[in-house]
2 protein chains.
Amino acid sequence: MPQYTAPLTDMQFLLHDWLKLEDHYSSLGLQDFDKDLVNEILSQGAKFAEQAIAPLNREGDEQSCKLENGKVTTPDGFAEAYHEYIANGWNAMLGNPEYDGQDLPHTMAVPVQEMLCSANVSWRLISMLTESAVLAINKHGDQALKDTYLRKLISGEWTGTMCLTEPQAGTDLSLLSTKAEPQEDGSYKITGNKIFISGGDQEWTDNIIHLVLARLPDAPAGVKGISLFAVPKKMVLENGELGAENSLSVGSLEKKMGIKACPTCVMNFDQATGFIVGAPHKGLACMFTMMNDARFQVGLQGLGIAEGSFQGALAYARDRLQSRAPQGVQNPEGKADPIMAHPDVRKMLLTQKSLTEGCRALSFLYASQMDIEKSADDEASKQAAANVVAFLTPIAKGFMTDVGQEVSSLGVQVFGGHGFIREWGMEQYMRDSRITQLYEGTNGIQAADLIGRKLSRDNGDMLNDTYQVFDKMVADIADPKGLEKAKSILEEWYQTSLQVKQQSAVNVAGAAYDYMNFSAYSLLGILWLSMADKASQNENPSIQQGKKATSDFYIKRMLPRKDAFKVNLLEDANDLIDVADNLFDYQ
Amino acid sequence: MPQYTAPLTDMQFLLHDWLKLEDHYSSLGLQDFDKDLVNEILSQGAKFAEQAIAPLNREGDEQSCKLENGKVTTPDGFAEAYHEYIANGWNAMLGNPEYDGQDLPHTMAVPVQEMLCSANVSWRLISMLTESAVLAINKHGDQALKDTYLRKLISGEWTGTMCLTEPQAGTDLSLLSTKAEPQEDGSYKITGNKIFISGGDQEWTDNIIHLVLARLPDAPAGVKGISLFAVPKKMVLENGELGAENSLSVGSLEKKMGIKACPTCVMNFDQATGFIVGAPHKGLACMFTMMNDARFQVGLQGLGIAEGSFQGALAYARDRLQSRAPQGVQNPEGKADPIMAHPDVRKMLLTQKSLTEGCRALSFLYASQMDIEKSADDEASKQAAANVVAFLTPIAKGFMTDVGQEVSSLGVQVFGGHGFIREWGMEQYMRDSRITQLYEGTNGIQAADLIGRKLSRDNGDMLNDTYQVFDKMVADIADPKGLEKAKSILEEWYQTSLQVKQQSAVNVAGAAYDYMNFSAYSLLGILWLSMADKASQNENPSIQQGKKATSDFYIKRMLPRKDAFKVNLLEDANDLIDVADNLFDYQ
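Residues numbered from 1 in each chain as written. Chains lettered and ligands numbered in written order. Predicted model: local features only at pLDDT ≥ 70, side-chain atom pairs only at ≥ 80, totals over all residues. Heavy atoms only, no water.

**Student:** What am I meant to see in the overall build of chain A here?
**Tutor:** In terms of helices and strands, chain A carries 19 helices and 11 strands. Here chain A has a C-alpha radius of gyration of 24 Å; the compact-globule value for 587 residues is 25 Å, and the two agree. Overall size of chain A, expressed as C-alpha extent along the three principal axes, is 80 × 65 × 55 Å. For chain A, buried positions account for 65% of its 587 residues. The long-range fraction of contacts in chain A, counting pairs at least 24 apart against all pairs at least 6 apart in sequence, stands at 74%. Carbon and sulfur atoms form 49% of the exposed surface of chain A, whose accessible area is close to 19,900 Å². The averaged location of the 77 negative side-chain charges in chain A is 5 Å from the averaged location of its 53 positive side-chain charges. (Helix = DSSP H or I, 4+ residues; strand = E, 2+ residues; numbered from the N terminus. Rg over C-alpha atoms; globule rule 2.2 N^0.38 Å. Buried < 20%, exposed > 50% of the residue type's maximum accessible area, 1.4 Å probe, protein only. Contact = heavy atoms within 4.5 Å. Areas by Shrake-Rupley, 256 points an atom, 1.4 Å probe, with all protein chains shown as cover. Lys, Arg positive; Asp, Glu negative; His and termini not counted. Charge placed at Lys NZ, Arg CZ, Asp CG, Glu CD.)

This is the structure:
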């Protein structure tokens, strides 16, 4: 496995020099979080990611998980690393302080979350889902539920899962059939089968709290008849101690392409006792509280894996000697030049770098908007930030995971045949990242969410608030050429967005994926021009010159990709509909 | 695993109606090969692929290969299927008739070869490499070598391998260090280690003939000092029977991302007896005889896997019910519509279909040029066809394998989360196809070969002869709009090619990958317009309408991809070179 080193120089540039974190925190009344504290958290997070979990990643893939006598075990070292993680308080970073959470700003947590994903995404997944479960219970649970579960979920003493999918109900949750029967004591009996449950069981903790979507007996059909339930693996007694096992079990473990060290369980609930989260039939809203968080976090998985793969490819390209470079001998002492000297390899590396760092800027910007949504002292600012977060969520999930796949595939390519061999670890990045394009809503669903809901609802407020954030960023570019280019990208994107909004439902559905990509490549262009501009005053010459060179590369070589997406998204989509089904294979 | 059904309707359309095979054969003096015979071969090939090897594909991936006591075994059923294959004469399709080969036209063999790749690419690899070894010995070996080895390699009683790569010498064969010491009897002692040797050992046959690149003691440095040797696993006695084991062994089996059912061996040659193929120090030319064949065949692997994945995705999309389509309810009896009704899914399927069928047209066109190269009665025609084959080889290898990866990834995406689960077989296509972008020269090397050698050498003859073939195809389009569009694509491609030819070495190296893609997307556009035109007169309405609809889709939605590549390939590449190495990670 490549040696992972957290990209602290880039992260600190983005946080302090680009996002101007101290001003940001001051404006939100969060003066306690100063630069030193941020850097200390980053540095401790880096140490944990690099030393505790990255070394388990490769072997974890080979060992994978086991199900024996109904109990799941994860690979060697995974449980110990988790115990170190929670002992050091990492699980509580974002938690509600009433339940011993640390209530850190998102801009402090997100860089650490990215590092965990780079180091070992299989290991990370369980704590990630626990954070999402915490959000749902914190926002929608009643007092008793919060008092019973939150403290231990925030500390990480227990973990949480998200039990949504059923064999016949994936994207379309209206089809789900798990039943919840009300009991006299106010609890419910949950019966049904759920699939694809990450961390459905593990040996890390004494208890697991499953958040399960199910239907009440009087539920309306469709998604308006879904409710959410907290279903503990072991019952929690009034004194907080653990009681009997609940009637639920792991049916089997899935054999998967990647994230093999994370147990993906088929879960059987057989009259299991559960407690409702939120109001009856309002489960979809509770689910989306979890889901939106999970979608951004999955985007971070894409970013984290991209970073890991880029580091591996870069180290190998510096080391591996093959052939002479066309610009002249670079390594006269050796029989060949490092492959990094070859223009085609450099282009692959710069593609990896410009996409990865562009996505990092996007995710840190997203984190800063989450900070504003949470901590601003006026409702208008909060609402605007919430709108930006909502608009950017499908892009962060859909685009950053596509980037994870593209960048990790380039990482394999830089290694040549060795990239295909498991011991080098490069192909694992590809296999691990492939799930991120599928789970928590396929990227097609992200694109549909962006174009169908985010672009159009509330009179376009989500689009317009996002435009405002980028417009402000553009106006802040000092370099006149950069400013002009960024302006033209922004205006083209905004005008195209308005044009798409007016299309028919079929055209919108046909344009969805292209619009997501067109938007992402455009917005990344603005992020790059802004980063290069801020870097021009940086005291670190490698940031100053490196950001400029990578921005130039992105604008010149990556940004033109948006045009093919634009051609497509403005097309009438009836060509897609009008091809008769039987023409697809010449029956 | 999806059920594979050979795409006979499309293949027969391409061969008979598009390529007009009977005219083609007549013009080459191959009248014996009529339509009925072609269809019979296709139908028997389909039966073998569908029934004998496709059913072994999924389980083969799970079992993978074993090395015990120095001997390799492949998964259950693989050896038996191979014995059926050779018993039915498939291995001899293209072989020299002097050694009992059937000497079939390439246009008859290529469709069957594609089917083998769709059905089970791990299984196919060994017979593919044997065919390449046959070519090298047939073309470059002396009489004794041919008499000793060809008959059994053509029948398939023995298999062949290609032993080129060493740990320090992959792309750059000038670095290879395996030694060949001449012996008094005219043989050589071969000593060295080779890696990534597909089929380095197996239990299918009594003997294996390794074709090994090595250096003679007096060899000049670099690639001009490489010679090729035939090194049998077991010595062949004068009476043709097998004698002692040669001193070579399998060091280990690689653990890989995919093609797990094909044994990828580290081979140790320890004073092994070998026989020179061709002249001393002229091994590179002999190697390229094998390699060029293997490159096209690897392209067919990309195509074959794309077809397999498309079939799986299409069947699933027809069957899987989720959500309602935006154009209105399609399946009123069910609770949801088939996902095939959703525009985004249709777009994925049409992307798969237009790329797969476009690549099939490219590969059949390539096969027809191989026929002309082999059988034309005038040297000028032979040479022109050889030039076209040479020009198209890197495109067929590089582009068709990139297509294999894109299409198989779309196949996973259509399946949603189930695509990630091994038992469905869709992720295996992705893992199996990923090697095709790496072996027999990475796709970056293909691109460099296309732009650096094929485009420029011999006064551009290879480019110009390829242009002629496509120009003739364009002129043959009856539909005026199709004709005009095809003309404009061809001229843009040709003019851009001439422009690229004049660039500096650095710019050419920087433009390579983009030029390969720009060329492939352009040429596929012409192939699609030509196919749609020929299909317009077809008696099968699903071919008539399906080819037209898919051509429209390709021209409208896929062809615009070429423009981003064009922007890139015309750029000055000094931006790639000028970024200092230490700026890549902000050291």
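**Student:** Sorry if this is basic, but what is going on with the packing of aromatic side chains here?
**Tutor:** Ring pairs (aromatic) are described by centroid distance and by the angle formed between their planes. All names here are of chain A. Applying the stated criterion across every chain yields a total of 36 aromatic pairs over all chains. Here the aromatic rings of Phe48 and Trp123 are separated by 5.7 Å at their centres, their planes lie at 55 degrees, and the arrangement is tilted. A residue pair is termed long-range when its members are at least 10 positions apart, and Phe48 in helix α3 (residues 35–53) and Trp123 in helix α7 (residues 121–140) qualify at 75 residues. Accessibility assignment for this pair places Phe48 and Trp123 in one class, buried. Residues Tyr521 and Phe565 carry aromatic rings whose centres are separated by 6.0 Å and whose planes lie at 10 degrees to one another, so their mutual orientation is stacked. (Phe/Tyr/Trp six-rings, centres within 6.5 Å; stacked < 30°, edge-to-face > 60°.)

**Student:** In this structure, what is going on with the interface of chain B and chain A? I would like to understand it.
**Tutor:** Reports often express the size of an interface as the amount of accessible area lost when the parts come together. Contacts between the two partners involve 98 residues from chain B and, on the opposite side, 98 residues from chain A. Both sides of the chain B and chain A interface together cover about 8,300 Å² of buried area, and 59% of this is carbon and sulfur. Taken as a group, Phe420, Phe584 and Tyr586 of chain B account for 12% of the area that chain B buries against chain A, more than any other trio of residues on that side. There are 14 salt bridges connecting chain B and chain A. Run the count over chain B and chain A and you get 57 residue pairs in polar contact (both at pLDDT 80 or more). Ranked by the residues each element gives to the side of chain B that touches chain A, the list is headed by helix α17 (residues 541–558) of chain B, at 11 residues. The residue makeup of the side of chain B that touches chain A, split by class, is 43 nonpolar, 26 polar and 29 charged. (Buried area = accessible area lost by both parts, 1.4 Å probe. Salt bridge = Lys/Arg side-chain N within 4 Å of Asp/Glu carboxyl O. Polar contact = N/O pair within 3.5 Å; in protein donor to acceptor, adjacent residues only side chain to side chain. Nonpolar A, V, L, I, M, F, W, Y, C, P; charged D, E, K, R; others polar.)

**Student:** Would you explain the relation of the copies chain B and chain A in this entry?
**Tutor:** There are two copies of the chain, and a rotation about an axis plus a shift along that axis relates them. Its rotation angle being 180 degrees, the transformation that places chain B on chain A also includes 0.0 Å of axial translation and leaves an RMSD of 0.0 Å. The superposition of one copy onto the other is thereby described by a two-fold rotation axis. Both copies present the same face, since 100% of the interface residues in chain B are matched by interface residues at the equivalent positions in chain A. (Least-squares fit on C-alpha atoms with pLDDT ≥ 70 in both.)

**Student:** Whenever I open this one, the side chain of Lys454 of chain A confuses me. Can you help?
**Tutor:** Residue and element names in this part refer to chain A. Relative to the assigned elements, Lys454 resides in helix α13 (residues 443–454). According to the relative accessible area criterion, Lys454 is buried, its value standing at 10%. A polar contact of 2.9 Å, which involves the side chain of Lys454, links it to the side chain of Asp449. The residues contacting Lys454, other than those within four sequence positions of it, are Ala390, Phe391, Pro394, Asp449, Met462 and Leu463.

**Student:** Would you take a moment to explain the confidence of the model for chain A for this structure?
**Tutor:** Counting all residues, the mean pLDDT for chain A is 97, and 100% of those residues have values of 70 or more. The ipTM for the predicted assembly is 0.98, set against a pTM of 0.98. (pLDDT = per-residue confidence, 0-100.)

**Student:** I would appreciate a short explanation of the pairing of strand β4 (residues 179–182) of chain A in the present structure.
**Tutor:** For a regular strand, side-chain orientation follows a simple rule: the groups alternate between the two sheet faces. Residues and elements named next belong to chain A. Relative to strand β5 (residues 188–198), β4 is paired through four bridges, and the arrangement is antiparallel. Bridge pairing in β5 links Ala180 to Ile190. From the end of β4 to the start of β5, which pair antiparallel, there are five residues, and Gly186 there has a positive phi angle of about 90 degrees. (Pairing = 2+ DSSP bridges.)

**Student:** How should I be thinking about the pattern of salt bridges in this particular structure?
**Tutor:** Side-chain pairs of opposite charge can arise where the charged atoms are in close proximity. Residue and element names in this part refer to chain B. Enumeration over the complete set of coordinates arrives at 68 salt bridges over all chains. The residue Arg360 makes a salt bridge to Glu114 at a minimum N-O spacing of 2.8 Å. Here the residue Arg360 occupies a position in helix α10 (residues 343–375), and Glu114 occupies one in helix α6 (residues 106–119), the gap between them amounting to 246 residues. Across this residue pair, the class does not change: Arg360 and Glu114 are buried. Between Lys534 and Asp533 there is a salt bridge; the shortest N-O distance is 4.0 Å. Just as Lys534 is buried, Asp533 falls in that class too.

**Student:** It is not clear to me how helix α17 (residues 541–558) of chain A should be interpreted in this structure. Could you clarify?
**Tutor:** Working note: α-helix, 3.6 residues per turn, so residues spaced by three or four point in the same direction. All names here are of chain A. Compared with the 26 Å implied by 1.5 Å per residue over 18 residues, the 24 Å span of α17 between its first and last C-alpha is a close match. Looking only at α17, the buried set comprises Ser542, Ile543, Gly546, Lys547, Ala549, Thr550, Ser551, Phe553, Tyr554, Ile555, Arg557 and Met558. The residue sitting at the N-terminus of α17 and contributing the capping side-chain oxygen is Asn540; that oxygen lies 2.8 Å from the backbone nitrogen of Ser542. (Expected span 1.5 Å × (residues − 1).)

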